[in-house]
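# An overview of the molecular structure
Listed here are the chains, written in short residue letters.
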Amino acid sequence: MIENERILENLEKIGFGRKEAEIFLELIKNPGANGSQVAKALGYPRTTVYQNLDILQKKGYINSYLDKEITLYETIDLNELFESYKKDVNTATRFLKDELNKVEISGKQKQFYNLNSFEDVKEKIRNILKKAEKIVYINTNLDLFEFEKEFKKLKEKGVRVILFSFNSIDYMSLGLETYIRDSFNSNVTDSEKRIMMAVDLSTAIIASNYEGEFCGTYSENKLLVNIVTEHIKNDIHLMKLEDTFGKGINKIMTLDF
C-alpha cells in the first residue's frame, strides 16, 4: 500500500533500517505477535526477523514478554518514542553545532569557493568583515560606502582596516587607513571593478568583472591569504618609495619579462 510505503520511508528518515521499519510497522498492526508470526507476515526468514527484533529492542523501540514460554513483542508507546527521538535529536544537534565548529582540518588544504555574482561577492564581504578581529587589508576600486555599516562596527571594535586604492575617495568617516597611489587614475565609475581582501591573515576574497560577469573566489587557504596580504602590502611599499624617490623608482624596480 502507498500509505505503508510512506510510513516506512519516514521511519527510515529517523534512523530505522528498512527491515527494522517493516517489522516495527507489523508490530503496530499486530501487537503481541511472536517472531514466527512476524516472519510469516513479512515473508522473511525467521533468523532475519529475530536479528532485527533484537536490534529494535536494544534501541528501545520495542518490548518483549513471555507468554507460556513464547516470546511476544510489542512497540513502545508511540508518543514516548517520538518525544524521546525529538529530545535525542535536539541534544545531538546542539552538541554537534558547538563541537564541529571546533574541529580543525588536519593534513588537508582548505578549499576554494566560487562566488558567481556581484551579490554573492558583496554578501561574502559583509560576512567576513563581521568576523574580523585584528586587521583587514583591502585593494579595490569599488565604492566602499556600500559596506559603511560593517566598517563602522570594525572601527568601534578597534580593528585596523588598511585600504590601498587608485581612487581618491575620502573614507575617513569609515575609519579606514587609506593609501592612494595616483600614478594611475581609475575611477569607481569605470566599467572594470575589482576587489582583493584579506582578513586576520586567515581568510581572503578576490573578485572582478574583468571577464564579463562579476565573480570571484573565497578561501581560508593559507597560500591565497598570504598572496593577497603580501600583494597589498607591496603595493603600499611601492607607493611610499615613489613618494620618497619619485615615480622613476617604478621603472628601476619593474622586471622586464
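Refer to the structure above for everything that follows.
Anyway, here's the lowdown on the structure attached to this text. (Residues numbered from 1 in each chain as written. Predicted model: local features only at pLDDT ≥ 70, side-chain atom pairs only at ≥ 80, totals over all residues. Heavy atoms only, no water.)

## Description of the nonpolar core
- Grouped together as the largest cluster of nonpolar side chains are 26 residues, with contacts concentrated most on Val 136, Phe 151 and Met 197.
- If you list the elements that add at least two residues to this core, you get α6 (118–131), β5 (135–140), α7 (148–157), β6 (160–165), β8 (194–199) and β9 (203–208).
- By residue number, the principal contributor to this core is α6, which donates four residues.
- For Met 197, the residues in contact, after removing those within four places along its chain, are Ile 125, Ile 128, Leu 129, Val 136, Tyr 137, Ile 138, Thr 203, Ala 204, Ile 205 and Val 228.
- Formed by 19 residues, the second largest nonpolar core is a distinct cluster that contains Val 38, Ala 39, Tyr 61 and Ile 76. (Core = buried A, V, L, I, M, F, W, Y, C linked by side-chain atoms within 4.5 Å. Buried < 20%, exposed > 50% of the residue type's maximum accessible area, 1.4 Å probe, protein only. Helix = DSSP H or I, 4+ residues; strand = E, 2+ residues; numbered from the N terminus. Contact = heavy atoms within 4.5 Å.)

## Here we look at helix α4 (residues 46–58)
- With 13 residues, α4 ought to run about 18 Å at 1.5 Å a step, and its terminal C-alpha atoms sit 18 Å apart, in line with that.
- Considered for burial, the residues of α4 that qualify are Thr 48, Val 49, Asn 52, Leu 53 and Leu 56. Viewed end-on, α4 has its buried residues packed into an arc of 130°, placing them on one side of the element. Opposite its buried face, α4 presents the exposed residues Arg 46, Thr 47, Gln 51 and Lys 58, each directed more than 90 degrees away.
- Summarising the contacts, the buried residues of α4 are in contact with α2 (18–29), α3 (35–42), β2 (62–67) and β3 (70–75).
- Positive backbone phi, approximately 85°, marks Gly 60, located one or two places after α4. (Expected span 1.5 Å × (residues − 1). Arc of directions from axis to C-beta.)

So yeah, pure geometry; function would need other evidence.
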